[in-house]
Number of protein chains: 2
Amino acid sequence: MRLLTARLPRALAPVGAAARRLSRAYHAPVRDMRFQLYTVHDFEKHYASLGNEVPCDKDTMDMVIDASATLCESELAPLNMGADKEGCTWIDPHTIKTPKGFKEAYNLYKESGWQGLSYSEAWGGQGLPSSLALVQSEMIAAANWTFLMFPGLSKGAINTIIAHATDELQKKYLPPLVSGEFTGTMCLTEPQCGSDLGQVTTKAEPNPDGSYRISGTKIFISCGDHDLTENVIHCVLARLPGAPAGTKGISLFLVPKRKVGDDGVSGELNGVGVSRIEDKMGCHGSPTCQIEFEEAQGWLIGTENRGLNHMFTFINTSRLGTAVQGVAAAELAFQNSLWYTKERRSMRALSGTKDPDHVADPIIWHPSVRTMLLTQKAIAEGGRSMLYECVKLADTMTVMQQKGDEKGAHAIDERLGFLTPILKGFLTEAGKEAADLGIQVYGGHGYIKDNKAEQVYRDVRIAALWEGTTQIQALDLLGRKIMLQKLKPINEHCRGLYSQCTPHLLSSNSGLRKHAWSLLMHTAEWQMLTYRIAARAATNREWISSTSVDYLMFGGYVTLASHWLRMEVAAVDALSKGSKDEEDGFYKAKIQTSDFVFERLLPRTRAHKAGILAPVSSLMDMAVDDFSFDHAR
Amino acid sequence: MRLLTARLPRALAPVGAAARRLSRAYHAPVRDMRFQLYTVHDFEKHYASLGNEVPCDKDTMDMVIDASATLCESELAPLNMGADKEGCTWIDPHTIKTPKGFKEAYNLYKESGWQGLSYSEAWGGQGLPSSLALVQSEMIAAANWTFLMFPGLSKGAINTIIAHATDELQKKYLPPLVSGEFTGTMCLTEPQCGSDLGQVTTKAEPNPDGSYRISGTKIFISCGDHDLTENVIHCVLARLPGAPAGTKGISLFLVPKRKVGDDGVSGELNGVGVSRIEDKMGCHGSPTCQIEFEEAQGWLIGTENRGLNHMFTFINTSRLGTAVQGVAAAELAFQNSLWYTKERRSMRALSGTKDPDHVADPIIWHPSVRTMLLTQKAIAEGGRSMLYECVKLADTMTVMQQKGDEKGAHAIDERLGFLTPILKGFLTEAGKEAADLGIQVYGGHGYIKDNKAEQVYRDVRIAALWEGTTQIQALDLLGRKIMLQKLKPINEHCRGLYSQCTPHLLSSNSGLRKHAWSLLMHTAEWQMLTYRIAARAATNREWISSTSVDYLMFGGYVTLASHWLRMEVAAVDALSKGSKDEEDGFYKAKIQTSDFVFERLLPRTRAHKAGILAPVSSLMDMAVDDFSFDHAR
């Protein structure tokens, strides 16, 4: 922790909780994070058991949480609205201007050593568990999503280089990437293909020196170029001469914006230029680049024609990163809503006047307003718990890989492969809903930019699209993860949920009993529906894709509810032990929110069940030409 | 029709259907409109029975539809994206610049006599039924929503003046408003109040000449000033000296931007100035004004202290106008999606290769893409039918009022009062969903402005907020319309739905049978749920507001399904009579979409039913201070 504390500027010293609570500005939800980390998910024990490179105890966690909260509240959140208004500016193919304040904030982030938090000390990192970086990233995502994208996407490139690049490439590129001196990107999409990467046409031709000449156009490259760092390192999918058609003929290359000398100094430009940045609905703070590679010098990462496989090594990680975007949007929308519903007055509460000194009561007293607030809270806090479970698994997998326990690591990888599309698909859709409610709570004022609600709505909309749309996640879950593995992952998952509903819970006298029974029944139904789909899909594969989105959402609600039950159990437990006065409310709110989830969110599975059981014919019978007789035939 | 045809420029002559179908531009859905107007809702008979001022036959309807389609496709739709990008510009308090092309388009609209389409010839109108103007407005709304707002809001002012103003005010202001020479606004909202208009503080002080001095600040005044017309006539809510507090002390005033002489000429400014226009998420083509009234001269409309009642005379009309926004957004999103899903290729269809000449099949072959398309189609076409039913009722009510049949008119008004919040609440939420799917279908490309999908998403978002949020509609429906009238409106409505499920349908051999039974069961459930709410609300009024949004959405889906059943019956009937070849597909698609609605949309009522039955405690038990322990306490 030496590096971290040494580099942490005085300005980042944690401020008191009281000071945090006075404004509508973003406040890192540290109380809830600590409850989940220490009480619900027992990260202290988890970290102790990891045998990690650098030990991570409670003091370290607290320090990272507090310092991150301060960074986010003091430095990053204040830049968020300005970044949306100003956006990024294309100046020339090698100069993209980022919004005001981003460079200074990035320098602070870099100099504090945050980019290396969970990377090995061998590459200049702090050697802490990767889960801690994700805990931090939720705060940054809520404070300033587009700022997070620069270091966030860079981590995708770092992970890829660590896993697949030669020692030589690693030694040259990892230290400046891990320190944040460079950033990196992933260049996959081309104009004609996104999800279907088998259509990639960018070319790679061998040079005599073992490097390659890369030529082609890539689009939608987030943070593809910018003025935060002197160099940008691209991981690029391209085809070698004579490579097989489709997905099995794609290779992965490292292509720097500027050539890097053996001394580590970035020099001449390398045939990589940004031809335009996209004009988007949101996420204005990060440039979405169309990049032209014109005989740019690149180096092979990994094995020829295995590029897609290499790229997908970290697909779970990048998809969980997108799930973070959903959770962060829900938290931000919740905070912005909660502030307003306590301030804004309209009508009297139906249960009687609450505030006789004013002509009307705060709108938080209206039940339909509470429905919106509690939906946001349930998604934000429940989603957080879902994320924490996954990153614990990822930590364990990493340690197993390091110890050579291939079998154990593979088992966890399969479990993560099952959970990830649920989190990515469900939590981004849920994040969208929370952001939508964040506008709705404000009435007409929600439509006005200054009230901040609408930026969350625009920024989070991309989450259900990139890193694979919700529809792609659903196909991945049901087709690739469940059906191709003959239902093993869902059976395992349901076993876990059944065991969560212990005899103790099922016979308890509290609200826990009802909720445990509900979870048990919904789990059984989820499993049963999977069997029904499998049986039908045996004769018609369209049963899988026609039910997949409803299936994913069904699973998402059951999973969300299971996490609320876990939190509720922990809260009941804490109350039974006797807690401080103020804390009582915290635990009661957990129990009450769990009740909301079981009474009002989990029943949405009823609609998704109907979608799962509906016949394929109701989708596929219509002739393509018959969808419309008026237009676009 | 003399005026209309005389003023219709040659450029507006209808173009052939073939020419309309080649691009992704907006195409007025005239085939579906005709099916619904002539076959499903029998407007020919309806108009014949009205005994309207000017007879409206099929030729007239066809002429209005075709000319409107041409206006929308050729003139208005091409301005839509530019208006979003350019927006409106505040130059000074009396000069707001509208986007490029709006003035020319408005002049064309005005000179064609469209603004007076459904107003009496006495005021210079065409004297046609008001429903025809709504049929037209859906096209304009889809082609260019913010353009529609200028004449659309003006109609609110016109209706108010016709219903409540003195002869003198009517003679002075109606002819230029009906011709489109002036526009009008409704000035209700103030910074501290929107839904709760009892808090209005704008003052009206009497002048010796019988006029008043109006002073105060109004916000969110759509098209509150602009450069399309020389004058803007405001209908303003304000308080007289000594007026009772709350809603019973508010009066309504006519306040022109420029004083109008007895010669009808607009002259000096009148103390009405725009202090700013809002920076909004969408609807950039129309200025949302903050208006300062500084001792502006105004005239009382109607009776002192009855201003709110007068304003609410046309609340159904203005809310149906907002439901149109939802339907139009769904239609526009559907068209934009359909075009893309036939063009964009990704992967192979699961049911086998569709297009061997290409490396991948169009995405319309993927079941999850079809789910999105059919959801949009179901909302657009089903919503259209819901609107047509309501405007027929409004036509009949108007004629009854003219004939002095107070009782008949009142009965229809009550029926409209019941249907309107369902249409406004449900169809705007559904329109939002259709627009969301319009982005989703495009994947990452949906997030890019040039692909048009995201503008629909931003523009339609306001629909669920203004003219009363969805939550306000829900309270209006369940509290005011149903409970205060001791369930009479829902009982009547359910009777209508039961009678739609005829013995013939319930015993037919086609898919109609299943759908009719489903509608019957859902109707019974809707009615039963109403009784349960009523019983519970007797002891706790929060049962109404805590269930109201789920109740509205439940009713919305049942109502949507009932309209699809009507269309399906008409389609089955047409097929049984034998239709032209091309037409077969049209009717088959109606039947297939109805199947989609009953199999995949109507079951969403299962989730809403659970919300209706959930205990109030799961919303109201949480202490206000316990919602969060991290922020904004």
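Numbers given for residues are sequential positions, taken from 1 along each chain in its written order. Each chain takes a letter, starting from A, and each ligand takes a number, starting from 1, following the order in which they are written. The predicted origin of the model limits local features to residues at a pLDDT of at least 70 and limits the giving and counting of side-chain atom pairs to 80 or more, whereas totals for whole chains, interfaces and linings rest on all residues. Values reported for side chains reflect all heavy atoms of the structure, with hydrogen atoms and water molecules removed beforehand.

**Concerning the overall build of chain A**
Piece 1. In DSSP terms, a helix is any run of H or I states spanning at least four residues, a strand is any run of E spanning at least two, and both are numbered starting from the N terminus. Secondary structure summary: chain A contains 23 helices and 11 strands in total.
Piece 2. Atoms counted for the radius of gyration: C-alpha only. Globule rule: 2.2 Å times residue count to the power 0.38. Relative to its length of 633 residues, chain A is compact, with a C-alpha radius of gyration of 25 Å against a globular reference of 26 Å.
Piece 3. Taken over the C-alpha atoms alone, chain A extends approximately 80 × 65 × 60 Å along its principal axes.
Piece 4. A simple rule labels every residue: compare its accessible area, found with a 1.4 Å probe on the protein chains alone, to the largest value its type can have, and call it buried under 20%, exposed over 50%, or partly exposed in between. The burial tally for chain A puts 64% of its 633 residues in the buried class.
Piece 5. For chain A, the proportion of contacts with a sequence separation of at least 24, taken over those separated by at least 6, is 74%.
Piece 6. All accessibility values rest on the Shrake-Rupley procedure with a 1.4 Å probe; residue burial counts only the protein chains present in the view. On chain A, roughly 21,800 Å² of surface is accessible, and the fraction owed to carbon and sulfur atoms is 54%.
Piece 7. For the purpose of counting charges, residues Lys and Arg are taken to be positive, whereas Asp and Glu are taken to be negative. His and the chain ends are not included. Where a charge lies is defined by one atom per residue type: Lys uses NZ, Arg uses CZ, Asp uses CG and Glu uses CD. Computing the positive centroid from 68 side-chain charges and the negative centroid from 72, chain A places the two 4 Å apart. Contacts: residue pairs with any heavy atoms within 4.5 Å of one another.

**Considerations on the relation of the copies chain A and chain B**
Piece 1. The two copies are related by a screw motion: chain A maps onto chain B through a turn of 180° and a shift of 0.0 Å along the axis, at an RMSD of 0.0 Å. What the rotation and shift describe, once combined, is the action of a two-fold rotation axis. The fit set for superposing copies consists of C-alpha atoms from residues with pLDDT of at least 70 in both; the fit itself is least squares.

**What about the UniProt feature "domain: Acyl-CoA dehydrogenase/oxidase N-terminal" (unreviewed entry) in chain A?**
Piece 1. UniProt positions are given in the numbering used here, feature names are shortened, and annotations may be inferred rather than shown by experiment. Those residues carrying the UniProt feature "domain: Acyl-CoA dehydrogenase/oxidase N-terminal" (unreviewed entry) are residues 65–181 of chain A in this numbering.
Piece 2. Within the segment residues 65–181 of chain A, helix and strand shares are 65% and 6% respectively, and the terminal C-alpha atoms sit 24 Å apart.

**Remarks on helix H7 (residues 130–143) of chain B**
Piece 1. With 14 residues, H7(B) should cover 20 Å at 1.5 Å per step; its first-to-last C-alpha distance of 20 Å lies within 8% of that length.
Piece 2. Within H7(B), 13 of the 14 residues are buried, which leaves it mostly tucked inside the rest of the structure. Multiplying 1.5 Å by the residue count of a helix minus one yields the expected span of that helix.

**Comments concerning the environment of Phe418(B)**
Residue and element names in this part refer to chain B.
Piece 1. Assignment of secondary structure puts Phe418 in helix H13 (residues 406–440).
Piece 2. Given the relative accessible area of 1%, Phe418 is considered buried.
Piece 3. Each C-alpha atom, one on Phe418 and one on Ala157, is 23 Å from the other, the two residues being 261 residues apart in sequence.

**A word on the pattern of salt bridges**
All names here are of chain A.
Piece 1. Any carboxyl oxygen of Asp or Glu within 4 Å of a side-chain nitrogen of Lys or Arg constitutes a salt bridge here. Overall, the coordinates contain 69 salt bridges over all chains when judged by the stated rule.
Piece 2. In this structure, Arg480 engages Asp476 in a salt bridge whose closest nitrogen and oxygen atoms are separated by 3.7 Å. Of this pair, Arg480 and Asp476 are both found in helix H16 (residues 470–483), 4 residues apart, which corresponds to roughly one turn of the helix.
Piece 3. Arg480 gets classed as exposed once you look at its relative accessible area, which sits at 55%.

**Concerning the interface of chain A and chain B**
Piece 1. Contacts between the two partners involve 107 residues from chain A and, on the opposite side, 108 residues from chain B.
Piece 2. The quantity reported as buried area is the accessible area (1.4 Å probe) lost by two parts once they are put together, taken as the sum for both. Across the chain A to chain B interface the summed buried area is about 10,000 Å²; carbon plus sulfur atoms make up 60%.
Piece 3. In this assembly, chain A and chain B are joined by 4 salt bridges.
Piece 4. Across the pair Lys432(A) and Asp436(B) runs a salt bridge whose closest N-O atoms are separated by 3.0 Å.
Piece 5. Polar contacts, as used here, are pairs of N or O atoms within 3.5 Å; protein pairs need one atom able to donate a hydrogen and one able to accept it. Residues neighboring in sequence count only if both atoms are side-chain atoms. For the interface between chain A and chain B, the tally reads 53 residue pairs in polar contact (both at pLDDT 80 or more).
Piece 6. With 10 residues, the top contributor of residues to the side of chain A that touches chain B is helix H21 (residues 581–601) of chain A.
Piece 7. Residues were grouped as follows: Ala, Val, Leu, Ile, Met, Phe, Trp, Tyr, Cys and Pro as nonpolar; Asp, Glu, Lys and Arg as charged; and all remaining residues, including Gly, as polar. Of the residues that constitute the side of chain A that touches chain B, the class distribution is 46 nonpolar, 27 polar and 34 charged.

**Some points on the state of the cysteines**
Residue and element names in this part refer to chain B.
Piece 1. Cysteine sulfur atoms are paired as a disulfide whenever they come within 2.5 Å of each other. A full pass over the atoms with the stated rule returns 0 disulfides over all chains.
Piece 2. The cysteine Cys187 is free of any disulfide, with Cys235 supplying the nearest cysteine sulfur at 7.9 Å.
Piece 3. Here Cys187 falls in the buried class, since its relative accessible area comes to 0%.
Piece 4. Unpaired in this structure, Cys289 has its nearest cysteine sulfur neighbour in Cys223, at a distance of 7.6 Å.

**Concerning empty space enclosed by the protein**
Piece 1. Space inside and on the surface of the protein is sampled on a 1 Å grid over the protein atoms alone, with a cavity defined as a set of points where a 1.4 Å probe fits but cannot get out and a pocket as an open set with protein on both sides within 12 Å along at least 5 of 7 lines; lining residues have an atom within 4 Å of a point. Grid points are joined across faces, edges and corners, and a volume is the space filled by probe spheres set on the points. All chains considered together, the criterion is met by 9 cavities of 30 Å³ or more.
Piece 2. Mapped onto the lining of the second largest cavity, the elements with two or more residues apiece are helix H8 (130–143), helix H12 (315–343) and helix H15 (453–460) of chain A.

**Considerations on the side chain of Gln325(B)**
Piece 1. When you line up the elements, Gln325(B) lands in helix H11 (residues 315–343).
Piece 2. When near neighbours in sequence (up to four residues on either side) are disregarded, Gln325(B) contacts Trp145(B), Asp459(B), Val460(B), Ile462(B), Ala463(B) and Trp466(B).

**Considering the side chain of His284(B)**
Residue and element names in this part refer to chain B.
Piece 1. Relative to the assigned elements, His284 resides in the loop between strand S10 (272–277) and strand S11 (288–301).
Piece 2. Of the residues examined, His284 reaches a relative accessible area of 18% and is grouped as buried.
Piece 3. Of the polar contacts made by the side chain of His284, one reaches the backbone oxygen of Met281; its length is 3.4 Å.
Piece 4. When residues no more than four places from it in sequence are discounted, the contact partners of His284 are Ala83, Asp84, Gly87, Cys88, Thr146 and Arg458.

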